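Summary of structural features
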Amino acid sequence: MTRPADEVLEVFLEETAERLDSIESGLLRLEKTAEPEPGLINSIFRDAHSVKAGANLLKLGTIEELAHRLENVLEQLRKEQIPVTEMIITASLEAVDKLRELAQDVDKSDTISIRLHTAMLEMSVKKSLEG
């Protein structure tokens, strides 16, 4: 028999996989547009926020932290505090790949380092502000 917590985790993992696909395709579309459309950025942001919120609910700290860092970058894009740059897109796509990896091995996710990915996100924001 499946425990309710297992069912909640299964739903989270299914939805997270879909949301990460959506974030990835949104970022790739964003990369190709000369003038970023606010609706697209809002959609990407909402998906990242949902991943973060679900991870928080399930106490998946590493997934929550990386999703939160990604959400912060997307929030700055959304508020037009930073421009869309190739480095921002690349760092965000790398974060999405890492989130996929964490979700695929959710039992060990809190033992996997995300230092490189958080540093890449921070550096991309810093460089875009300098640029």
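Now for a description of the structure that goes with this document. (Residues numbered from 1 in each chain as written. Predicted model: local features only at pLDDT ≥ 70, side-chain atom pairs only at ≥ 80, totals over all residues. Heavy atoms only, no water.)

Some thoughts on the packing of aromatic side chains
Each aromatic ring pair is specified by the distance between its two centres and by the angle formed by the two planes. We apply this condition: Aromatic pairing here means that ring centres of Phe, Tyr or Trp (its six-membered ring) are within 6.5 Å. Orientation follows from the plane angle: under 30 degrees is stacked, over 60 is edge-to-face, and everything else is tilted. We count a charge as sitting over a ring when the NZ of a lysine or the CZ of an arginine lies within 6 Å of the ring centre and within 35 degrees of the ring normal.
On inspection of all chains with the given rule, the structure shows 0 aromatic pairs. Lying over the aromatic face of Phe45, Arg78 brings its terminal NZ or CZ to 3.9 Å of the ring centre.

Observations regarding the pattern of salt bridges
Put simply, the rule reads: Each reported salt bridge corresponds to a side-chain nitrogen of Lys or Arg within 4 Å of a carboxyl oxygen of Asp or Glu. By definition, any uninterrupted DSSP run of H or I lasting at least four residues is a helix, any uninterrupted run of E lasting at least two residues is a strand, and each is numbered from the N terminus. In this scheme, a residue with accessible area under 20% of its type's maximum is buried, one over 50% is exposed, and one in between is partly exposed, where area comes from a 1.4 Å probe on protein chains only.
Following the criterion strictly, the structure yields 11 salt bridges and no others. Residue Lys52 is joined to Glu71 by a salt bridge in which the shortest nitrogen-to-oxygen separation is 2.9 Å. Placement of Lys52 in helix α2 (residues 38–57) and of Glu71 in helix α3 (residues 61–78) is noted, with a sequence separation of 19 residues between them. We note a salt bridge from Arg100 to Asp97, for which the minimum N-O separation is 3.2 Å. Residue Arg100 and its partner Asp97 are located together in helix α4 (residues 86–104), separated by 3 residues, close to a single helical turn. Given a relative accessible area of 38%, Asp97 falls into the partly exposed group. Each member of the salt-bridge network shares a partner with another, and the members are Asp21, Glu24, Asp97 and Arg100.

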